[in-house]
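Spelled out from the first residue to the last, the chains are:
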Amino acid sequence: MSKNLVITAILFVILGVFAAFSPEVFLAKNIYFSYLTSVPIILILCLGLLPLIISGEFDMSFPATMAMSGFVFSYVFKASGNLALATLASLSFGALSGAFNAILVINAKIPSIIATIGTQFFWRGLAVVLSGGLSLSLASAEGLMKELFVGRLAGIPAQSIIATVLAILTYIMIFKHKFGDNILFSGDNAKAAKMLSINVTRSKYLLFINMGVMSALASIILSLEFINWWPTQGDGYMLLVFAAIFIGGTGVSGGSGSVYGTLIGSIIIGIMESGIVAMGFDAFYTRVIYGAIIIVSVVIYAKFDKNSKARSF
């Protein structure tokens, strides 16, 4: 049985349990439309982090990058009244923050977990200092740019369409393009990749920058959807994103990963809290369930990988 079948089965089992305990919620369509608003944020962040993890690196700073890029977006919009300019400024900041992480990891030789924990504190603190700890309203934001990010097409939120397109592009990049081979080789064995004339440094720079841009994009969508930016924006997403990626079957050590598994993992994580509450349990149980699902998934995938290697010999 493939990993994709395993993660798909897990999703349907969870949905079946939720539907059995709360049929009035999970057998109606309304909740699934609400998921089309919330799950894409998790998925977009996952699609930024997934290639980076496959390459053997981590980014712990993306929640703070969301906060700071969201501040740039909101501040520029309030100053100019131009959503396009605000979007460009925010995405540019995201790219610069990713490049800064790459400099620390690649040039300064600091392990990516340590480096990005540092930038996590730095960007979060800077966002609070610059905003004075106050939120910024986007109530006056209207027009085509807003519709492109959070509008509705036949009732379907634009962010779900954006996330789907990004998932397809990420799959093509990793598994159907030469650059994807560079990512996979770099994560599997960086020294061997260099011997094969793969520019590991360039690849990882691009991946860190991509993570920064994805963080900024997620922040823009969040800000416009809730017509507000707040200094705590991004808090709580780190656990959700890592959980979705690892539940989806991506290896912790790099060199392998699954866009489909990450998509399904994002859905599982995205529906979990509301499903638990709908079943009548307290929301505090959510973290316990997240942990249990992650542990079970990792054990299943570890056994799966061990059996696959045994059969290969």
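Residues numbered from 1 in each chain as written. Predicted model: local features only at pLDDT ≥ 70, side-chain atom pairs only at ≥ 80, totals over all residues. Heavy atoms only, no water.

## Digging into helix α5 (residues 83-107)
Here α5 contains 25 residues, and its C-alpha end-to-end distance of 35 Å stays within 8% of the 36 Å for a straight helix at 1.5 Å per residue. The opening residue of α5 is Asn-82, an N-cap whose side-chain oxygen sits 3.0 Å from the backbone nitrogen of Ala-84. In the stretch just after α5, Lys-109 is the one whose phi turns positive, near 60°. (Helix = DSSP H or I, 4+ residues; strand = E, 2+ residues; numbered from the N terminus. Expected span 1.5 Å × (residues − 1). Polar contact = N/O pair within 3.5 Å; in protein donor to acceptor, adjacent residues only side chain to side chain.)

## Here's the deal with the pattern of salt bridges
In this structure the tally under the stated criterion is four salt bridges. When the shortest N-O distance is used, the salt bridge between Glu-57 and Lys-204 registers 2.8 Å. With Glu-57 in the loop between α3 (30-54) and α4 (62-80) and Lys-204 in helix α11 (residues 200-225), this residue pair connects regions lying 147 residues apart in the sequence. The two residues Glu-57 and Lys-204 agree in class, both being buried. Of the charged contacts in the structure, one is a salt bridge between Glu-142 and Lys-146, with a shortest N-O distance of 3.9 Å. (Salt bridge = Lys/Arg side-chain N within 4 Å of Asp/Glu carboxyl O. Buried < 20%, exposed > 50% of the residue type's maximum accessible area, 1.4 Å probe, protein only.)

## Let's talk about the packing of α5 against helix α6 (residues 112-131)
At a minimum axis separation of 9 Å, α5 and α6 run at an interaxial angle of 140°. With respect to their mutual orientation, α5 and α6 come out oblique. You can see that α5 and α6 cross each other, and the crossing is right-handed. Here Phe-93, Ser-97, Phe-100, Asn-101, Leu-104 and Val-105 of α5 lie close against α6, whose contacting residues are Ser-112, Ala-115, Thr-116, Thr-119 and Trp-123. (Axes fitted to C-alpha atoms, helices over the stretch in contact; angles between N-to-C directions. Parallel < 35°, antiparallel > 145°, perpendicular 65-115°, else oblique. Left-handed = near helix turned anticlockwise from the far one by under 90°. Contact = heavy atoms within 4.5 Å.)

## Regarding the nonpolar core
Here is a general trend for soluble globular proteins: nonpolar side chains tend to be buried in one another's company. Counting residues in hydrophobic clusters, the biggest one holds 77 residues, and the most contacted among them are Ile-44, Leu-45, Leu-49, Tyr-237 and Ile-268. Top element by residues in this core is α3. It accounts for 15 residues. For Ile-268, the residues in contact, after removing those within four places along its chain, are Ile-7, Ile-10, Leu-11, Ile-14, Ile-247 and Ile-293. Grouped together as the second largest cluster of nonpolar side chains are 10 residues, Ala-67, Met-68, Val-72 and Ala-127 included. (Core = buried A, V, L, I, M, F, W, Y, C linked by side-chain atoms within 4.5 Å.)

## Some points on a nonpolar patch on the surface
Among the surface-exposed residues, Phe-33, Leu-36, Leu-153, Ile-156, Ile-161, Val-165, Ile-168, Leu-169, Tyr-171, Ile-172 and Phe-175 lie close enough to one another that they form a single nonpolar patch of about 920 Å² accessible area. Taken together, the elements giving at least two residues each to the nonpolar patch come down to α3 and α8 (158-175). In terms of residue count, α8 provides more of the nonpolar patch than any other element does, seven residues in total. Position of Leu-169 among the secondary structure elements: in helix α8. (Patch = residues over 30% accessible without salt bridge, like charges linked within 9 Å, V, L, I, M, F, W, Y side chains within 5 Å. Areas by Shrake-Rupley, 256 points an atom, 1.4 Å probe, with all protein chains shown as cover.)

## Things to note about unusual backbone geometry
Phi angles above zero are rare outside glycine, and Ala-154 is one such case at about 55°. Tracing the backbone through its elements, the reader meets Ala-154 in the loop between β2 (152-153) and β3 (156-157). Judged by its relative accessible area of 75%, Ala-154 is exposed. With a phi angle near 45°, Ile-227 is a residue other than glycine that sits in the positive phi range. Mapped onto the fold, Ile-227 is located in the loop between α11 and β4 (228-229). Using a relative accessible area of 38% as the deciding quantity, one classes Ile-227 as partly exposed.

## Considering helix α1 (residues 3-21)
In an α-helix, one turn spans 3.6 residues; hence positions three or four apart end up facing the same way. An ideal rise of 1.5 Å per residue puts 27 Å on 19 residues; α1 measures up with 27 Å between its terminal C-alpha atoms. Of all the positions in α1, only Lys-3, Val-6, Ile-7, Thr-8, Ile-10, Leu-11, Ile-14, Phe-18 and Ala-19 are classed as buried.

## Considering the side chain of Lys-146
Inspection of the secondary structure assignment puts Lys-146 in helix α7 (residues 144-150). Judged by relative accessible area, which is 13%, Lys-146 ranks as buried. The contact partners of Lys-146, leaving out residues within four places of it in the chain, are Leu-83, Ala-141, Gly-151, Leu-224 and Ile-227.

## Some points on the packing of aromatic side chains
Summed over the entire model, instances satisfying the criterion amount to 13 aromatic pairs. Relative to Tyr-32, the ring of Phe-26 lies with its centre 6.4 Å away and its plane at 80°, an arrangement referred to as edge-to-face. Residue classification places Phe-26 among the buried positions, given a relative accessible area of 2%. Here Tyr-32 falls in the partly exposed class, since its relative accessible area comes to 36%. Considering the side-chain rings of Phe-93 and Trp-123, the 4.9 Å spacing of their centres and the 85° angle between planes classify their relative orientation as edge-to-face. Residue Phe-93 is found in helix α5, and its partner Trp-123 is found in helix α6; the two are separated by 30 residues along the sequence. (Phe/Tyr/Trp six-rings, centres within 6.5 Å; stacked < 30°, edge-to-face > 60°.)

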